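Fold and geometry: a report
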Amino acid sequence: ATGKAVPYSVVHDGPNFQRVEFVAQDVPGAGYKVYELRENHAPTPKSQSSTSTTLESPYYRVELDPSTGAIRSIFDKQLRRELVDATSQWRFGQCLYVTGGDQEPNSILQYRAISPKPELDVHPAGGGRLVSVERTPFGWVAKLESSTVNVPHITTEIRLFENERKIEFVENLDKRVELKKEALYFAFPFAMSHP
């Protein structure tokens, strides 16, 4: 609509093509917006790398926890308060793999008022590491890796936007086949008494 160039970052450079990403602003709910692709003779934008485990935007300060592949703290600068429950046994965005529930009787296999609750084991992701932290035209992108039982490779991408009050989590899981009862969750322990 404005003809103005949109800042973008290059995701993949291939022979005679580039895969790019950018933020589409003001897209209506259940609607769309059209962007025109034009030849650009300007140099490809470079991203800025960092090794810091703290990301900041005008809205949030985010502290990563590489060992779990998740977040330790989210401080809201406008509300001046911590959003993550530091007393929780799980980190914010941490992958939790749950086993159990196969031994009868239990309320998962047979729903009755007298059926006992199953004995479940929670296996939190761990053994993690920080892969990269990059500054892009739309904000910070941190990539972490971790693993847990039957999920040997978890890649977490945390995106902190510069011009929006938004944090995105992109999760990619490499999970082994399991025929027993199982469940997989991501924990988001907010520091709220009445969310």
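Here's what I pulled together on the structure shown here. (Residues numbered from 1 in each chain as written. Predicted model: local features only at pLDDT ≥ 70, side-chain atom pairs only at ≥ 80, totals over all residues. Heavy atoms only, no water.)

**Regarding the overall build of the protein chain**
Selection rule: The helix and strand labels rest on DSSP assignments: H or I over at least four residues marks a helix, E over at least two residues marks a strand, and numbering proceeds from the N terminus. For this measure, only C-alpha atoms enter the radius of gyration; the expected value for a globule follows 2.2 Å times N^0.38, where N is the number of residues. Exposure categories follow from relative accessible area, calculated using a 1.4 Å probe and restricted to protein chains: below 20% of the type maximum is buried, above 50% is exposed, and the middle band is partly exposed. A contact between two residues is defined here by any heavy atoms of the two lying within 4.5 Å.
The helix and strand inventory of the protein chain stands at zero helices and 14 strands. Along the protein chain, helices and strands appear, N-terminal first, in the series β-β-β-β-β-β-β-β-β-β-β-β-β-β. Against the compact-globule benchmark of 16 Å for 195 residues, the protein chain has a radius of gyration of 21 Å, which places it well outside the compact range. In terms of overall dimensions, the protein chain has C-alpha extents of about 70 × 45 × 35 Å along its principal axes. Looking at the protein chain as a whole, 28% of its 195 residues qualify as buried. Across the protein chain, the fraction of contacts at a sequence separation of at least 24, relative to all contacts at a separation of at least 6, is 46%.

**Brief notes about the sheet that holds strand E3 (residues 48–50)**
Rules: Two strands pair if DSSP finds at least two bridges between them. Fitted lines through C-alpha atoms give the axes, limited to the stretch in contact for helices. The angle between two N-to-C directions lies from 0 to 180 degrees.
Overall, antiparallel pairing links the five strands, which are arranged E3-E10-E11-E12-E13 in an open sheet. At either margin of the open sheet sits one strand with a lone partner, and together these are E3 and strand E13 (167–174). Strand-to-strand twist across the sheet, computed as the mean angle between neighbouring axes with direction ignored, equals 20 degrees. Bridge count for strand E10 (residues 126–136) against strand E11 (residues 139–148) is eight bridges, and the pairing is antiparallel. Within E11, the position partnered with Val133 by the bridge is Ala142.

**Things to note about the nonpolar core**
A general feature of soluble globular proteins is that nonpolar side chains tend to end up buried together. Convention followed: What makes a nonpolar core is a set of buried Ala, Val, Leu, Ile, Met, Phe, Trp, Tyr and Cys residues whose side-chain atoms join them at distances within 4.5 Å.
Membership of the largest hydrophobic core comes to 16 residues, with the highest contact counts inside it found for Leu55, Tyr60, Val62, Leu64, Ile71, Ile74 and Leu160. Elements represented by at least two residues in this core include exactly strand E5 (60–65), strand E6 (70–76), E11 and strand E12 (151–161). Not counting chain neighbours up to four residues away, the residues in contact with Ile74 comprise Tyr60, Arg61, Val62, Arg81, Glu82, Leu83, Val84, Phe92 and Ile167. Counting residues in hydrophobic clusters, the runner-up holds five residues, among them Tyr97, Ala125, Val151 and Ile154.

**What to know about the side chain of Arg159**
Basically, it comes down to this: For this analysis, a polar contact is any N or O atom pair within 3.5 Å, provided that within protein one partner can donate a hydrogen and the other can accept it, and provided that sequence-adjacent residues contribute only side-chain to side-chain pairs.
Looking at where Arg159 falls in the secondary structure, it is placed in strand E12. Only 2.6 Å separates the side chain of Arg159 from the side chain of Glu157, close enough to count as a polar contact. When residues no more than four places from it in sequence are discounted, the contact partners of Arg159 are Glu21, Trp140, Val141, Lys166, Ile167, Glu168 and Val170.

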